Amino acid sequence: MSGTSIKKGAGRVGLQVILVLVAFVSLAPVAVIVSIALKSNTELATNPLGLPNDWLFSNFVDSWNEAGIGRYILNSIVVAVPTLVIVVAASSLAGYAFALMRFRGREVIFLVFLIGLMLPAVSIVTALSFIEQSLGLYNTLPGLVLAESAICLPLAVFIMRAAFKDLPGELREAVFIDGGSETTAFLRVMVPLARPAVSATVVLTFLTVWNDYLIPLVLINTEQLRTVPLGLAFLKTAFTSNTVLVAASTVLAAIPSIIIYVLLQRQFIQGIAQGSIK
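Scoring rules and cut-offs
- Residues numbered from 1 in each chain as written.
- Predicted model: local features only at pLDDT ≥ 70, side-chain atom pairs only at ≥ 80, totals over all residues.
- Heavy atoms only, no water.
- Axes fitted to C-alpha atoms, helices over the stretch in contact; angles between N-to-C directions.
- Helix = DSSP H or I, 4+ residues; strand = E, 2+ residues; numbered from the N terminus.
- Parallel < 35°, antiparallel > 145°, perpendicular 65-115°, else oblique.
- Left-handed = near helix turned anticlockwise from the far one by under 90°.
- Contact = heavy atoms within 4.5 Å.
- Phe/Tyr/Trp six-rings, centres within 6.5 Å; stacked < 30°, edge-to-face > 60°.
- Buried < 20%, exposed > 50% of the residue type's maximum accessible area, 1.4 Å probe, protein only.
- Lys NZ or Arg CZ within 6 Å of the ring centre and 35° of its normal.

Colleague: Explanation requested: the packing of helix H5 (residues 106-118) against helix H7 (residues 141-166) in the structure shown.
Modeller: The axes of two packed helices give the description: the angle between them and the distance between them. Here H5 crosses H7 at 130 degrees, and the two axes come no closer than 7 Å. One way to sum up the angle between H5 and H7 is to call them oblique. As H5 packs across H7, the resulting crossing turns out to be left-handed. Facing H5, whose interface residues are Glu107, Phe110, Phe113, Leu114, Gly116 and Leu117, H7 presents Leu153, Pro154, Leu155, Val157, Phe158 and Arg161.

Colleague: Would you mind going over the packing of aromatic side chains with me for this structure?
Modeller: The geometry of an aromatic ring pair comes down to the distance between the two centres and the angle between the two planes. Counted by the stated rule, this structure contains seven aromatic pairs. Ring plane angle 75 degrees and centroid distance 5.1 Å describe the contact between Tyr96 and Phe186, whose orientation is recorded as edge-to-face. One end of the pair, Tyr96, is in helix H4 (residues 69-100); the other, Phe186, is in helix H9 (residues 182-193), with 90 residues separating them in the sequence. Each member of the pair Tyr96 and Phe186 is classed as buried. For the ring pair Phe98 and Phe103, a centre distance of 6.3 Å and an interplane angle of 35 degrees mean the geometry is tilted. The exposure class assigned to Phe98 is buried, which follows from its relative accessible area of 5%. Among the aromatic residues, ring-to-ring pairing joins Phe98, Phe103, Phe110 and Phe113 into one connected group. One cation-aromatic arrangement involves Arg161 over Phe110; the distance from NZ or CZ to the ring centre is 4.1 Å.

Encoded structure:
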């Protein structure tokens, strides 16, 4: 065996070891929180890191009924789904226009989107609060939907523009030659080909909205309208002596994000690999 082959084999083994370590570091906290969620508080005090002796799935029922995590999950779904629709539709249209159409001010308008991408959310929350108060949308879920859409849109437009620019422009021209319209080219040709980028946009937008704490904290001040991050922060202070209930609520709150990623992971990874984010 040559020295080059030995070096390649050693490098491959070293990479695999690093990946295993990264996976362990990433999954260990998840395993711990799930284990805590299945214990009693008494067992948690004596066995904090080990597997539960009795698997108490009733903790999830108590979390849903007593802690009210179900209401927070429902509020987050009510916010996330319309936000996804708005962001995917608007970013697809804008990305298509920026990538393939020629019009005055195109680069300047796209630059404005890029500026929105670079601005941290904390720098605009005060302005968002005043705008929503003036529109009568403060402390409402529709107002939160609009705010989250505005936050997520710049990145989504950036992704979709890159995806459409990677597609052959001849396909769009072929539609025009066959007598098709711009709408036909967009809906029937370009969007289906950009499906991986759409999936990437869906996943990133959903995770951003679902895990966002700052924007709901500023725009929502009613307990019944709290989203998952706000609800979990409240539960942590309201149930300081019931760690198991908080852990069970955390596990339930993570399930929708896991489902979205599992369903779209193949196209999401494909979208990243094809250069939908550059």
